[in-house]
Amino acid sequence: MIKETKSKEVDAKNGFEIPLLPFEDHTHNSVKITITKDVLSNTHSNVDFKTRLDATIQTCRLLYKSSLWITVPMRYASTIEQMTHIPNLQFHHAQGQNAHLSLWLDDNTENKIPDYATHQVGVGALVINSRDEILCVRELRHNYRRWKIPGGLAEVGESLGEAAIREVKEETGIDCNLEDVRVLSFRHSHGMQFGRSDLYFVVRLNPIEIEEPGEGQEEKQTLDGDGDGRKKRTIIPQPVAQMNEIAEALWVPLDDYRAMVNDEERPHFMMQTILQLFDERNEFDQSVVKSVVPGRKSSPIYHAPFRNKK
């Protein structure tokens, strides 16, 4: 951190020192200014905020810094009006209560500050129960076919499996097994929501079904711990549509769903591919690998099955 009391630039025209705004070294040879109450409450009779900011930017250029970041909490948003005179200063992104502005300082090279969140990650869940039925939903709006598989956007920090299980639970009330998540495929599209690109993964999930003693239409023969044959029935929970989002959630016979996606007049090409992958059990394997970056958590990687497993 460069201390404000020791960081000054001389105003050649007026002959007085200009106190700089406090800034700190940031990633990739950049510096960062955070607008705080202390920064704004420090009074300087001869110097206003705009002049101090200009002097700070000039100093950062003299220090051969590549870029400058300014974090502005919402409560101090009025200071942004005092920055509009700075050429090429741009909003980079906003998150929570903070706006983050960026300025490329090196006039001799192209701007290398990356766009924020170039992609969003979505997941769809292929959930098929023991009766050979597929879990489907129909949204309250924007339905392009009668049925679709449940899914939505992954949240920050979620794995693909966690995101898919959460979306299925939210949209249908059905619980799925996190221990048996398999990635079938993914689609890469551009020009999607907010003009971002989109990575959409389709995963296979197994619904949690309940077995209990009894007889009925769904009974099946099992063995108890003593080896005696006992009849148990499988209880398949019924879906419940999410209020204000989903018009209907239903277990649809898989043959009926196939007929819909294979309709000659209105085929669903993506789901044709997904069902073929499902039929062939052509799925990605998952391995969890350690990072070579110190302090970074292990991550799953999704890959074709190894021909020779170690």
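This is a predicted model, so every value here is computed, not measured. (Residues numbered from 1 in each chain as written. Predicted model: local features only at pLDDT ≥ 70, side-chain atom pairs only at ≥ 80, totals over all residues. Heavy atoms only, no water.)

Let's shift gears to the overall build of the protein. Of regular secondary structure, the protein possesses 5 helices and 18 strands. Here the protein holds 310 residues, and 36% of them are scored as buried. Contacts in the protein between residues at least 24 apart in sequence constitute 56% of all its contacts with a sequence separation of at least 6. As presented, the protein carries roughly 19,800 Å² of accessible surface, and 49% of it is formed by carbon and sulfur atoms. (Helix = DSSP H or I, 4+ residues; strand = E, 2+ residues; numbered from the N terminus. Buried < 20%, exposed > 50% of the residue type's maximum accessible area, 1.4 Å probe, protein only. Contact = heavy atoms within 4.5 Å. Areas by Shrake-Rupley, 256 points an atom, 1.4 Å probe, with all protein chains shown as cover.)

Relative to the helices and strands, E133 is located in strand β9 (residues 133–139). Among the polar contacts listed, one links the side chain of E133 to the side chain of N129, at a separation of 2.9 Å. Reaching out from E133, the side chain makes a polar contact with the side chain of R131 at a distance of 2.8 Å. In this structure, E133 is in contact with V127, I128, W251, V252, P253 and L254, ignoring residues within four places of it in sequence. (Polar contact = N/O pair within 3.5 Å; in protein donor to acceptor, adjacent residues only side chain to side chain.)

Along the polypeptide, Q95 turns up in strand β6 (residues 90–95). Considered as a pair, Q95 and P73 are 22 residues apart in the sequence and their alpha carbons are 9.8 Å apart.

Here the focus is unusual backbone geometry. Positive phi outside glycine occurs at H28, with the angle close to 55°. Note on placement: H28 falls in the loop between β3 (24–26) and β4 (30–34). The phi dihedral of N244 is positive, around 70°, even though this residue is not glycine. Along the chain, N244 turns up in the loop between β15 (229–235) and β16 (246–253).

All right, on to the packing of aromatic side chains then. Scanning the model with the defined rule gives 1 aromatic pair in all. Between the NZ or CZ atom of R138 and the centre of the ring of W147, over which it lies, the distance is 5.2 Å. For R281, the ring lying beneath its charged end belongs to F278, and the centroid distance is 4.5 Å. (Phe/Tyr/Trp six-rings, centres within 6.5 Å; stacked < 30°, edge-to-face > 60°. Lys NZ or Arg CZ within 6 Å of the ring centre and 35° of its normal.)

Moving on, we come to the layout of surface pockets. Space inside the largest pocket adds up to approximately 1,000 Å³. Contributing to the lining of the largest pocket are 30 residues, with E139, Y144, K148, G151 and Y200 lying nearest its centre. When contributions to the lining of the largest pocket are tallied by element, the ones reaching two or more residues are β8 (119–127), β10 (151–153), α3 (160–172), β12 (197–205) and α5 (269–279). Tallied by class, the residues present in the lining of the largest pocket amount to 11 nonpolar, 9 polar and 10 charged. (1 Å grid on protein atoms, 1.4 Å probe; cavity = no way out; pocket = protein on both sides within 12 Å on 5 of 7 lines; lining within 4 Å. Points joined across faces, edges and corners; volume = space filled by probe spheres on them. Nonpolar A, V, L, I, M, F, W, Y, C, P; charged D, E, K, R; others polar.)

Turning to the pairing of β8, a few remarks are in order. Here β8 lies mainly inside the structure; 7 of its 9 residues are buried. Pairing of β8 with β12 involves 9 bridges; the strand directions are parallel. Residue pairing for β12: V127 is matched across the bridge by L205. In terms of strand pairing, β8 meets β10 through 3 bridges, oriented antiparallel. Residue pairing for β10: G122 is matched across the bridge by L153. (Pairing = 2+ DSSP bridges.)

Now for the confidence of the model for the protein. The predicted model of the protein has a mean per-residue pLDDT of 88, with 87% of residues at 70 or higher. Taken as a whole, residues 1–6 scores under 50 in pLDDT and shows 13 contacts with residues more than four places along the chain or in a different chain. Confidence over residues 217–227 falls short of pLDDT 50; this stretch has 26 contacts with residues more than four positions distant or in other chains. (pLDDT = per-residue confidence, 0-100.)

This next bit is on the side chain of H93. Note on placement: H93 falls in strand β6. Relative accessible area serves as the criterion here: at 17%, H93 is assigned to the buried category. A polar side-chain atom of H93 sits 2.8 Å from a polar atom in the side chain of H92.

This part is about the nonpolar core. Of all hydrophobic cores here, the largest spans 26 residues; its most connected members are I33, I35, L53, L68, I70, V72 and M83. Of all the elements, helix α2 (residues 49–62) adds the most residues to this core, at 5 residues. For I33, the contacting residues outside a window of four places in its chain are L21, P22, F23, L53, T56, L68, W69, I70 and T71. Core analysis: the next-biggest nonpolar cluster, separate from the first, contains 19 residues, L126, V202, Y257 and L277 among them. (Core = buried A, V, L, I, M, F, W, Y, C linked by side-chain atoms within 4.5 Å.)

Here we take up the sheet that holds strand β11 (residues 182–189). Strand order in the open sheet formed by 4 strands is β10-β8-β12-β11, and the pairing between neighbours is mixed. Among the strands making up the open sheet, the edge pair consists of β10 and β11. Each strand axis lies, on average, 20° off the axis of its neighbour in the sheet, ignoring direction. Here β11 runs beside β12; their pairing, made up of 7 bridges, is antiparallel. Its bridge partner lying in β12, R187 is registered against Y200. Each of β8, β10, β11 and β12 is contacted by α3, which is oriented at about 65° to β8, the strand it contacts most. (Axes fitted to C-alpha atoms, helices over the stretch in contact; angles between N-to-C directions.)

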